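# Coordinates in review
Each chain is listed here by its residues.
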Amino acid sequence: MAELIVRESNRSPLDIINSLRAHAESFGFVIRNVYDMKETFEDHGVETAEDFVYYSVMVCNPPRAYSTIRANPLRGAVLLQPKQIVVYRDPETGSTKVAYMQLDERTVGEALPQDPQWQDKLPASCRKIAQLIDASLEQAAA
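Rules used in this analysis
Residues numbered from 1 in each chain as written. Predicted model: local features only at pLDDT ≥ 70, side-chain atom pairs only at ≥ 80, totals over all residues. Heavy atoms only, no water. Helix = DSSP H or I, 4+ residues; strand = E, 2+ residues; numbered from the N terminus. Buried < 20%, exposed > 50% of the residue type's maximum accessible area, 1.4 Å probe, protein only. Contact = heavy atoms within 4.5 Å. Areas by Shrake-Rupley, 256 points an atom, 1.4 Å probe, with all protein chains shown as cover. Lys, Arg positive; Asp, Glu negative; His and termini not counted. Charge placed at Lys NZ, Arg CZ, Asp CG, Glu CD. Phe/Tyr/Trp six-rings, centres within 6.5 Å; stacked < 30°, edge-to-face > 60°. pLDDT = per-residue confidence, 0-100. Salt bridge = Lys/Arg side-chain N within 4 Å of Asp/Glu carboxyl O. 1 Å grid on protein atoms, 1.4 Å probe; cavity = no way out; pocket = protein on both sides within 12 Å on 5 of 7 lines; lining within 4 Å. Points joined across faces, edges and corners; volume = space filled by probe spheres on them. Pairing = 2+ DSSP bridges. Axes fitted to C-alpha atoms, helices over the stretch in contact; angles between N-to-C directions.

### Let's talk about the overall build of the protein
Looking only at helices and strands, the protein features six helices and five strands. Order of helices (α) and strands (β) in the protein, N terminus to C terminus: β-α-β-α-β-α-α-β-β-α-α. Within the protein, buried positions represent 43% of all 142 residues. In the protein, of all internal contacts separated by at least 6 residues, the share reaching a separation of at least 24 is 69%. Just so you have it, the protein exposes about 8100 Å², and 52% of that area is on carbon and sulfur atoms. Distance between charge centres in the protein, computed from 15 positive and 20 negative side chains, equals 10 Å.

Structure representation (structure tokens):
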């Protein structure tokens, strides 16, 4: 089953994103993109609340992602979603929340039953991203 991981911190969203950047390499990743969703929504004509602070952080291991998609292009449809971390300011509490959807073997197996060799690899990568989040929050709290 997929698991929604939610962590909370008193640090700012940008502090946590910087911590994710600092720790990513030690977990085998890069932070490929950070999307300021307030800016993105406003660029498309959406009026956002003044206190809306929401980032989408794309985590990637480019060499591994390329070889994975090269081996089976359908993997890309499943691969991209679990590489997104959201970091946002909770307007009710003022705290920063970090959320991530971690996929497990069963979920990946249901999505790509014809690709059993990949059913372990993506969940292992998801677990590493969850560890990256926890390490980044521990550092941010220090």
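### Points about the packing of aromatic side chains
Applying the stated criterion across every chain yields a total of three aromatic pairs. Between Phe52 and Tyr54, the ring centres sit 5.9 Å apart and the planes meet at 5 degrees, which makes this aromatic pair stacked. A relative accessible area of 27% means that Tyr54 is categorised as partly exposed. With a centroid separation of 5.4 Å and an interplanar angle of 25 degrees, the aromatic rings of Tyr54 and Tyr88 are classed as stacked.

### Regarding the confidence of the model for the protein
When pLDDT is low, close inspection of the predicted coordinates is not appropriate. Chain-level pLDDT for the protein is 91 on average; 94% of the residues reach the 70-or-more range. Looking across the protein, the model is least confident in helix H4 (residues 75–79), with a mean pLDDT of 83, and most confident in helix H2 (residues 37–43), with 98.

### A short note on the pattern of salt bridges
Applying the stated criterion across every chain yields a total of seven salt bridges. Asp134 is paired through a salt bridge with Arg7; the nearest N and O atoms lie 2.7 Å apart. Remark: Arg7 occurs in strand E1 (residues 3–9) and Asp134 occurs in helix H6 (residues 118–141); sequence separation between them is 127 residues. On the accessibility criterion, Asp134 (26% relative accessible area) is partly exposed. Accessibility expressed as a relative area gives 30% for Arg7, which makes it partly exposed. Notably, a salt bridge pairs Lys97 with Asp90, separated by 3.1 Å at the nearest N-O pair.

### So, the layout of surface pockets
In this structure, the largest pocket spans a volume of roughly 270 Å³. Around the largest pocket sit 21 residues that line it, and Arg64, Ala65, Thr68, Leu79 and Trp118 are the ones nearest its centre. Only strand E3 (54–60), helix H3 (62–71), H4 and H6 provide two or more residues apiece to the lining of the largest pocket. Here the lining of the largest pocket gets six residues from one element, more than from any other, and that element is H3.

### Observations regarding the sheet that holds strand E2 (residues 30–36)
Taken together, the five strands give an open sheet; going across it, the order is E1-E5-E4-E3-E2, and neighbouring strands pair in antiparallel fashion. Edge positions in the sheet fall to E1 and E2, since each has one partner strand and no second. Ignoring strand direction, the axes of neighbouring strands in this sheet form an average angle of 20 degrees. Pairing of E3 with strand E4 (residues 84–89) involves five bridges; the strand directions are antiparallel. Residue pairing across strands places Val57 opposite Ile85, the latter belonging to E4.

### Concerning the pairing of strand E5 (residues 96–102)
Counting buried residues along E5, six of its seven residues qualify, which places the element largely inside the surrounding structure. Where E1 and E5 come together, seven bridges link them in antiparallel fashion. Bridging from a neighbouring strand, Ile5 pairs with Tyr100 of E5. Looking at chain direction, E4 and E5 are connected through five bridges and run antiparallel. Counted as the bridge partner of Tyr88 is Lys97 from E5.

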